[in-house]
Amino acid sequence: MAVVPDASLSERTSPFYLHNQAISKEWEQFVLQRGGEIKGKYSAWAYKLIAKIHGVFVWSIIVQKSTYTHRSLIIPPHKNIYEGIELSTYLPRHVATEFLIRKSRFTDRFMWRKKTHKMHPSYVFIAEEPHPFITELMAKILQDPMDRGSFFKATCKNGQLWIKLIKYKGAMDWVQEILRLDEDAWGVSQTIYRTGYKT
């Protein structure tokens, strides 16, 4: 597996191509230095990188950028750029209660079957049986992305934790901080299954 170009020879002199190439290669180096696996492609318009890194858990990472043109009969065409990162893993059963973290809504106050916890002025933690340990940890992990307005959504369902950020400039450092969290930080005992979650 490798990160390779997906562009014509003429496209490879473009500053946009060189910029996307540099980011893709930086992620490739980041993953490989930590014993992980990565594959992906990049061009002047986009890149998509898929990686796995083994830490306390096996983390799956998707880093993606795409450029598309918005056309309208009213306003001139303009380009929109999507940049996102998705991080996922499986948590041990004793902390993997189902939850959703997203932007707050006015209707949240009418939820009576699920408990809501205000994690941030703009975001809310929703769960039927919130685990206090994981609630606190998520607040810590997501604090900076939330402050920057880059947090999109996080869920935990069937043991799988999934987090998505949009246009977050500190993504690599953020991933590094998560990888540094040890078993005690996650509330995990010394013996866990790295490919799944403990029963």
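Above this text you will find the structure in question.
Structural notes, computed from the coordinates.

Cut-offs and rules
- Residues numbered from 1 in each chain as written.
- Predicted model: local features only at pLDDT ≥ 70, side-chain atom pairs only at ≥ 80, totals over all residues.
- Heavy atoms only, no water.
- Helix = DSSP H or I, 4+ residues; strand = E, 2+ residues; numbered from the N terminus.
- Buried < 20%, exposed > 50% of the residue type's maximum accessible area, 1.4 Å probe, protein only.
- Contact = heavy atoms within 4.5 Å.
- Axes fitted to C-alpha atoms, helices over the stretch in contact; angles between N-to-C directions.
- Parallel < 35°, antiparallel > 145°, perpendicular 65-115°, else oblique.
- Nonpolar A, V, L, I, M, F, W, Y, C, P; charged D, E, K, R; others polar.
- Pairing = 2+ DSSP bridges.
- Phe/Tyr/Trp six-rings, centres within 6.5 Å; stacked < 30°, edge-to-face > 60°.
- Lys NZ or Arg CZ within 6 Å of the ring centre and 35° of its normal.
- Core = buried A, V, L, I, M, F, W, Y, C linked by side-chain atoms within 4.5 Å.
- Salt bridge = Lys/Arg side-chain N within 4 Å of Asp/Glu carboxyl O.

**Considering the overall build of the protein chain**
Stage number 1. Counting secondary structure elements, the protein chain contains four helices and 10 strands.
Stage number 2. Sequence-ordered secondary structure for the protein chain, helices as α and strands as β, is β-α-β-β-β-β-β-β-β-α-β-β-α-α.
Stage number 3. Here the protein chain holds 199 residues, and 42% of them are scored as buried.
Stage number 4. Within the protein chain, counting contacts between residues at least 6 apart in sequence, those at least 24 apart form 54% of the total.

**Side note on helix H3 (residues 171-180)**
Stage number 1. Across the 10 residues that make up H3, a large majority, seven, are buried.
Stage number 2. All of the buried residues in H3 are Ala171, Met172, Trp174, Val175, Gln176, Ile178 and Leu179.

**Brief notes about the packing of helix H1 (residues 15-33) against H3**
Stage number 1. Following both chains from N to C, one finds H1 and H3 inclined at 10 degrees, their axes separated by 12 Å at the closest point. The pairing of H1 with H3 is recorded here as roughly parallel in orientation. Where H1 abuts H3, its residues Glu26, Trp27 and Phe30 lie against Ala171, Met172, Val175, Gln176 and Leu179.
Stage number 2. Partitioning the contact of H1 with H3 into residue classes produces six nonpolar, one polar and one charged.

**Focus on the pairing of strand S8 (residues 123-127)**
Stage number 1. For S8, the buried fraction is high: five of the five residues fall into the buried class.
Stage number 2. The side-chain alternation of S8 yields two buried faces, one formed by Tyr123, Phe125 and Ala127 and the other by Val124 and Ile126.
Stage number 3. In terms of strand pairing, strand S6 (residues 99-103) meets S8 through four bridges, oriented antiparallel. Bridge pairing in S8 places Arg102 opposite Val124.
Stage number 4. When strand S7 (residues 115-120) meets S8, the two strands line up antiparallel, connected through five bridges. Bridging across to S8, His120 finds its partner in Tyr123.
Stage number 5. The turn joining S7 and S8, which pair antiparallel and follow one another in sequence, is formed by two residues.

**Regarding the packing of aromatic side chains**
Stage number 1. Per the counting criterion, the structure on display carries six aromatic pairs.
Stage number 2. Judged by centre distance (6.3 Å) and plane angle (70 degrees), the rings of Phe57 and Trp59 are edge-to-face. The exposure classification of Phe57 matches that of Trp59, with both residues buried.
Stage number 3. Seen from their ring centres, Tyr168 and Trp174 are 6.4 Å apart, and the 90 degrees between their planes marks the pair as edge-to-face. Here the two residues Tyr168 and Trp174 agree in accessibility, since each one is buried.
Stage number 4. The aromatic ring of Phe152 is capped on one face by Lys164, whose charged end is 5.2 Å from the ring centroid.

**Re the nonpolar core**
Stage number 1. Membership of the largest hydrophobic core comes to 51 residues, with the highest contact counts inside it found for Trp27, Ile101, Trp174 and Trp186.
Stage number 2. Excluding residues within four positions of it along the chain, Trp174 makes contact with Leu87, Ile141, Leu142, Pro145, Ile163, Leu165 and Tyr168.

**So, the pattern of salt bridges**
Stage number 1. Going through the model one piece at a time under the given rule, you end up with four salt bridges.
Stage number 2. A salt bridge links Glu83 to Lys169, with the nearest nitrogen and oxygen atoms 4.0 Å apart. Within this pair, whereas Glu83 is found in strand S5 (residues 78-90), its partner Lys169 is found in the loop between strand S10 (160-166) and H3, the two being separated by 86 residues in sequence.
Stage number 3. You can call Lys169 exposed: its relative accessible area is 70%.

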